[in-house]
Amino acid sequence: MRPAAAPGIPPPPMIRDLVRDLFEKALARGAAAGRWPAASIPVTVEPPRDPRHGDFAVNAALVLSKAAGKPPRELAASIVEELRAVDADGAVASVEIAGPGFINLRLAADVWFRGLAEVERQGAAFGRTGAGKGKRVNVEFVSANPTGPMHVGHGRNAVTGDVVARLLDWSGHAVTREYYVNDFGAQVQTLARSVHLRYQELHGRQVVFPPKGYPGEYVVDIARAVKAADGDRWLDAPESSWLAPFRDRAVEHVLGMIREDLEAIGVGRYDVWSSEKALYQSGAVERFLAELTAKDLVYVGKLPPPRSKKGAPPPPAHVAAIADEEGMTAADDLTLFRSSQYGDEVDRPVKKADGTPTYFCADIAYHWQKRQRADKLVDVLGADHGGYVPRLKAALQALGHQRDDLHVVLIQMVNLTRGGEAVKMGKRSGNVVWLREVVDEVGRDAARYLFLTRRADAQLDFDLDLAKQQTLDNPVFYVQYGHARIASILRRAAEAGIAAPRYDLEAVRRLALPEEQDLLRRVLSFPELLAGAALAFEPHRVAYFLQETIAAFHSYYTGGKRTGERVIGPDPVTTAGRLYLCKALQQVLANGLAVLGVAAPERMESAPVDEE
RNA sequence: GCGCCCUUAGCUCAGUUGGAUAGAGCGUCGGACUACGAAUCCGAAGGCCAGAGGUUCAAAUCCUCUAGGGCGCGCCA
C-alpha cells in the first residue's frame, strides 16, 4: 500500500469520466459533421436508480433536442452512431434508447474488473482525486470566542469543518485550516473582569458577580494562577492597569482548554491561528480602513433606526431610550461601509461613534487578508451568524473579489437528548453542556460520526444513550462492525492457508452475482463520491455512503449463507476474486472512516450482550 | 415587520445539484443460523414529497405566493 498519491501525478480517471469523455468526443464529432449544434447545456452522466437500466444514463439527446430540432429519441439514435464510432476500445458493451430519450449504456464487464486494480494500487490513497486542481482553499472553523471551553454546538462545527478540510484535501485542493481568535474587544474584557472578581474573592473579599460575567469554574482557576504568580499587586490597582494582562492571561488559558477540547474530538491540527488583537496591533485594520476610504467604499452618515426585535418598528422615543442605555445615540454620525450597494440590506458601520473600528471592520479586513492567501474561503459558522453572511460577501465583492469566493457552511443547532428526553441547556441558566462531557461519555468516534449524520444546515438531535449503544441503532457502531466483520473474514481465510488477496483479473472476473456487481460499482464510485462531497462541502454524504455500502455487504454476506455462495468456497479462483472484493471493500470503508476521522477497528471490543 | 434555514412513511432523516416506479434506519407484523462475526439479514404494511401556482421533454429538487417550526435582525463579538 502506498501512503498517498504522489503530488503532480494525477490519479487515473474515474470510470464515469471515461464515459463522459466518450460522449464529449461523440457529440463533438456529430457537431463537426453538422448533425446537431455544439452542446451548450451540460450533459449529465449518471448511474440510473434502477440497475436494469444499465451502468449509466445519459441525457444528451434530451438537452440537445430543441437546438437540433429533432425529437429526442431520433436524435439519441444519431448520437449512438457517433458514440460507436469513437469507442475504439469497445468500452461500451451495449446501448439502448429508453424512456423519453435517455441513452442507457452498459460498459464491458472488463472495464469494471480492471478498475478494481486501482484499489490495491492506491491502497490508503484510494479515493483521492485531482478534482480540486490544486486550488488553494482556506477553511476557517470553530473560531469560538476564547471565553470558555467548547460546548456541543462548537463540537459539531469542529467536526464538520475538520471533515470538510479533509475532503478538500482528498479531492486535490491545497487546504489551510484556520482558527480566528477573537482575543480583542468586549467579550474577552468581560472575561478579564470576571477573573478579576474571582481574584478579589480569593483574597477574601466579598464581591457581587454581575449577571453578564462568566460563571465557570475555569475562571476561578485563572484567578488562582494570577494570584500565585502576582500575589495581591492587582487587588486595588485601577482597571486600566490590570485589564490587558488579565485578558491576555485568561485568553491564553482558555485557548489551552479549547486546544484540549479540539484534541479530544479529534481535531489535532490547525495550520494558522489568526489573532484579532494582532490584526489591530499590526496596523492592518487601520491600513484597511485607509484602503476603504481610498476606494470610496465608506462615508460618514447616520444609520437608520434599528428595528425592534419583535413586531413593527417601535416609536422613535423608545429607540432613543435603548440607545442611551448603551451609551450612544441614534443621531451620531458614523463611518459606514456601502454594503447595501453589494446586496446587503443596509450600510454597516465600520467605526463606532467613539471612532474605534467595529468588529465587522476587523472581520472584513481579516477576510480580505485571507483572500490574498487563498483562492477560495470557507467559513464554518453557527447558524446564529446567518445574517452576517450577506455583508461578508458584500465586502468581498466591494473589494474586487467574487461573492462566491466565500462559501459559508452554516451549522444548525444541536439538541442533546438522553433516551429521547431533552437535556436542558442554555447559557442563561448556566447549565451549558460542554463538548468534553459529551466526548468523555460517548467516545470520540461516536461523537464525530453522529455530528455527521445530518446535513449541516438541518438541526441535529444528538441522543447520548443512542451514541453509547452497541447495537445497529447506532450508525457508527454498524459501520465499524462491518469493517471488523470483513477483517474477520480475511483473517479466517489466512488461517485456512489461503494466500492473501491480490488483484488478479481472472479471479475478479468471477464476481458475477448481482450483489457482487453492485458492490464493486460502489467501491469504484468512492473517489467520485468524495469529490462530490468536497465540492458541495457536505461531509454527511460520506457517512451515508458508508452506511449504504456496508449494508449492501451485510446483505450479500447473509444472503450467501442461504444460497451457499460463500466468500470462502470450494473454487480457489472464485474464492480469490471474492476475497479481493472484500479487501477492496475494507479499504474503501477504512478510507472513508479515515476521512471522517473515525477509527476502523479490525475487531470489535465487547462481546455480544445476549449470551445463551 | 424583514432576512436566512427547515417542512419527504407513525418517528428520525437521505435523495448524487433537474432525470425514469421517491429511498434508508427505527417502530409494527412475519420470517432466516449444525461452516466465513445473527453485533447480521430477508419479506410485508406504511407517501397528495406542507399547500397553491409557474418554468420544461422532465420538478421532492429551480421561481413566486401561502401556512407551520427554527435561527437571526445593535455603534456585541
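Structure: above.
The residue numbers shown here count from 1 along each chain, following its written sequence. All chains are assigned letters beginning at A, and all ligands numbers beginning at 1, according to the order in which they are written. Selection of residues for local features in this predicted model requires a pLDDT of at least 70, selection of side-chain atom pairs for listing and counting requires 80 or more, and totals for whole chains, interfaces and linings are taken over all residues. Note that water and hydrogens are dropped before the side-chain values are worked out from all heavy atoms of the structure.

Examining the nonpolar core
Side chains that are nonpolar tend, in soluble globular proteins, to be buried together. What makes a nonpolar core is a set of buried Ala, Val, Leu, Ile, Met, Phe, Trp, Tyr and Cys residues whose side-chain atoms join them at distances within 4.5 Å. Only protein chains enter the calculation, and the probe is 1.4 Å; a residue is then buried if its accessible area is under 20% of its type maximum, exposed if over 50%, and partly exposed in between. Counting residues in each nonpolar core, the largest one holds 139 residues, and the members touching the most others are F451 and F462. By size, the runner-up hydrophobic cluster in this structure holds 32 residues, among which are V285, F337, V350 and A365.

With respect to the side chain of D162
With respect to the helices and strands, the residue D162 is situated in helix α6 (residues 152-170). According to the relative accessible area criterion, D162 is buried, its value standing at 1%. When checking whether two residues touch, look at their non-hydrogen atoms; a contact exists if any pair is within 4.5 Å. Once residues lying within four places of it in the same chain are set aside, the contact partners of D162 are F141, R177, G266, V267 and R448. Strands here are runs of E lasting at least two residues and helices are runs of H or I lasting at least four, both read from the DSSP assignment and numbered beginning at the N terminus.

A word on the packing of aromatic side chains
By convention, a stacked pair of Phe, Tyr or Trp rings (six-membered ring in the case of Trp) has centres within 6.5 Å and planes under 30 degrees apart, an edge-to-face pair has planes over 60 apart, and any other such pair is tilted. This structure, assessed with the given rule, holds 20 aromatic pairs. Here the aromatic residues F141, Y179, Y270 and W273 are joined through ring pairs into a cluster of three or more. Positioned over the ring face of W170 is R128, at 4.6 Å from the centre of the ring. Charge over a ring is defined by NZ of Lys or CZ of Arg lying within 6 Å of the ring centre and within 35 degrees of the ring normal. Cation over ring: R391 sits above F360, and NZ or CZ is 5.9 Å from the ring centre.

Looking at helix α7 (residues 186-202)
If you check α7, its first and last C-alpha atoms are 24 Å apart, about what 17 residues at 1.5 Å a residue would give, namely 24 Å. Three or more residues of α7 are buried, namely V188, L191, A192, S194, V195, H196, L197, R198, Y199 and Q200. Lining the buried residues of α7 we find α8 (217-230) and α9 (239-264). Trailing α7 by a residue or two, G204 shows a phi angle of about 85 degrees, which is positive. Multiplying 1.5 Å by the residue count of a helix minus one yields the expected span of that helix.

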